[in-house]
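Survey of secondary and tertiary structure
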Amino acid sequence: MPSPLPVGILGLGYHLPSKVLTNLDLEKIVETTDEWIRSRTGISQRRIAADGEVTSDLAAAAAKGALAQAGLKPTDLDLILVATMTPDMPCPATACIVQEKLGAPQAAATDVAAACSGFLYGLVIGKQFVASGTYRHVLVIGAEVLSRVVDWTDRSTCVLFGDGAGAALLGPTTQGEILSTHLGSDGRGAGLLKVPAGGAAQPASEESVRARAHYLKMNGTEVFKHAVRAMADACHQAIDKAGIRPEQVACVVPHQANIRIIEAVVERAGIPLSKVYLNVDRYGNMSAASTIVAFCEAVRDGRVKKGDYALLVAFGAGLTWGSCVIRW
Ligand code: UT7
């Protein structure tokens, strides 16, 4: 078997809807306060897609940024992966709609369903195709319009989420090389975070709509505990597999669900909070888009410089988790 090719990042891009929803705006929608939201989560505001703006729109805009940065055309793409828990519709895959919007007719396209860990799952799947020489250019996108699946009458969830998209274009290069990866899942926790209706288990019906079963439900406290444990372990796994020490990590880019989760994770991983890139205050939890948007901003802001080791780590419904070390 030929030895695997190095796989790195040729281009990054992200896109956020322009509408900002602040905690003060939320005070007018549900019984909550800016103080509660900021102290319990670290979130001050989030972006909300415009009427008619869908996941594939945000994904295609992010993809165009990654293509431009890589100096490639849509027709250079071999595979498009869209990680999302808010697809435009249950079928077909949002990746196929993105393919059409980009004009990439020769590419294969499919979605990745791993909720907030979806971008890292997509990155690992895409990496295999490039490493094996099967495909040269794989576009991995994390994109969400969570504002359409959150229950705007449920204060325990609606304050947490936001909309956005980020993309990374993978190719056979040592530039931005993905040195190590780690994925995990635990289906015993499948009930802790879910959108119960709209699938085969509970098809759409008048009753399911009345029961608000098409909206996201979460046992926040349980998810919190699992998130801290799994993400801290995932940090160690990726660092060990990369053959580096925690102190060599220049920047940690975690899934941005809650500042308290992030603080607990890096403390367990033995990495100071000063090395963590944070945007949870500005965007809230964008599920599959969170980690990649944060990575794009960390690179843009010079928090990840050439030659630096960056650690990406995520956790989400499933339960699922993932991590990777990138040498930028
Ligand atoms: O993306 C991966 C998946 N998601 C996550 O990682 C999220 C994980 N979970 C969390 O981040 C936290 O559990 C939450 C932020 C969701 C909740 O924070 P918490 O500290 O676990 O609060 P809690 O759920 O225990 O609620 C504490 C109190 C409750 O009132 P009582 O029962 O003590 O009287 C809630 O009813 O806070 C109340 N509460 C609120 N109060 C004001 C819940 N939501 C709100 C709200 N505003 N928005």
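Residues numbered from 1 in each chain as written. Predicted model: local features only at pLDDT ≥ 70, side-chain atom pairs only at ≥ 80, totals over all residues. Heavy atoms only, no water.

1. A closer look at the domain arrangement of the protein chain
Along its sequence, the protein chain is carved into domain 1 (8-174) and domain 2 (180-327). For domain 1 versus domain 2, the distance between C-alpha centres works out to 14 Å. At the interface, 47 residues of domain 1 touch 45 residues of domain 2. When residues of domain 1 are sorted by the area they lose upon contact with domain 2, Tyr14, Cys116 and Leu120 head the list and together hold 18% of the total. Where domain 1 meets domain 2, there are one salt bridge. Residues Arg212 and Asp151 are paired through a salt bridge, measuring 3.1 Å at the closest nitrogen-oxygen approach. (Domains from an automatic or database assignment. Contact = heavy atoms within 4.5 Å. Buried area = accessible area lost by both parts, 1.4 Å probe. Salt bridge = Lys/Arg side-chain N within 4 Å of Asp/Glu carboxyl O.)

2. A closer look at the site of the ligand
Around the ligand sit 23 residues in total, of which Thr32, Arg40, His255, Asn258 and Asn285 are the nearest. Protein contacts shield 71% of the accessible area of the ligand, which totals 950 Å² for the unbound molecule. For the shell around the ligand, the elements supplying multiple residues, two or more each, are α2 (34-41), α6 (155-158), α8 (220-242) and α9 (259-269). The element best represented in the shell around the ligand is α8, accounting for four residues. Classifying every residue of the shell around the ligand by side-chain character gives 11 nonpolar, eight polar and four charged. Each of two domains, domain 1 (8-174) and domain 2 (180-327), supplies a minimum of three residues to the shell around the ligand. (Near = heavy atom within 4 Å. Areas by Shrake-Rupley, 256 points an atom, 1.4 Å probe, with all protein chains shown as cover. Helix = DSSP H or I, 4+ residues; strand = E, 2+ residues; numbered from the N terminus. Nonpolar A, V, L, I, M, F, W, Y, C, P; charged D, E, K, R; others polar.)

3. Considerations on unusual backbone geometry
It is generally the case that most residues other than glycine have a negative phi and that most peptide bonds are trans. Geometrically, the link from Cys91 to Pro92 is a cis peptide bond, its omega value of 5 degrees lying close to zero. Position of Pro92 relative to the elements: it lies in the loop between β4 (79-83) and α4 (94-102). Phi at Ala115 takes a positive value of approximately 50 degrees, unusual for a residue other than glycine. With respect to the helices and strands, the residue Ala115 is situated in the loop between β5 (108-112) and α5 (118-131). Accessibility expressed as a relative area gives 10% for Ala115, which makes it buried. Although it is not a glycine, Arg212 sits at a positive phi angle of roughly 55 degrees. Note on placement: Arg212 falls in the loop between α7 (206-210) and β10 (217-218). The exposure class of Arg212 is partly exposed, given its relative accessible area of 33%. (Buried < 20%, exposed > 50% of the residue type's maximum accessible area, 1.4 Å probe, protein only.)

4. Section: α8
Counted at 1.5 Å a residue, the expected span for α8 with its 23 residues is 33 Å, and the 32 Å between its end C-alpha atoms agrees. Within α8, burial applies to Val223, Ala227, Val228, Ala230, Met231, Ala232, Ala234, Cys235, Ala238, Ile239 and Ala242. (Expected span 1.5 Å × (residues − 1).)

5. As for the packing of helix α3 (residues 55-70) against α4
Where α3 meets α4, the closest approach of the two axes is 9 Å, and the angle between their N-to-C directions is 55 degrees. One way to sum up the angle between α3 and α4 is to call them oblique. For the element pair α3 and α4, the recorded crossing hand is right-handed. For the pair α3 and α4, the contacting residues are Thr55, Ser56, Asp57, Ala59, Ala60, Ala63 and Lys64 in the first and Thr94, Ile97, Val98, Lys101 and Leu102 in the second. Classifying every residue of the contact of α3 with α4 gives six nonpolar, three polar and three charged. (Axes fitted to C-alpha atoms, helices over the stretch in contact; angles between N-to-C directions. Parallel < 35°, antiparallel > 145°, perpendicular 65-115°, else oblique. Left-handed = near helix turned anticlockwise from the far one by under 90°.)

6. Comments concerning the environment of Ala108
Looking at the secondary structure, you find Ala108 in strand β5. Judged by relative accessible area, Ala108 falls into the partly exposed class, the value being 29%. Separated by 30 residues in the primary sequence, Ala108 and Val138 have C-alpha atoms spaced 9.4 Å apart.

7. Some details on the nonpolar core
Core analysis: the biggest nonpolar cluster contains 47 residues, and Val252, Ile271, Leu311 and Phe315 have the highest contact counts within it. Those elements that provide at least two residues to this core are α8, β11 (249-254), α9, β12 (309-316) and β13 (320-327). Per-element accounting of this core gives the leading share, 10 residues, to α8. Two domains each provide a minimum of three residues to this core, namely domain 1 (8-174) and domain 2 (180-327). Those residues within four positions of Ile271 in sequence are excluded, and the remaining contacts are Ile239, Pro246, Val249, Val252, Val266 and Leu311. One finds Leu81, Ala168, Val253 and Cys296 within the second-largest nonpolar core, a separate group that totals 34 residues. (Core = buried A, V, L, I, M, F, W, Y, C linked by side-chain atoms within 4.5 Å.)

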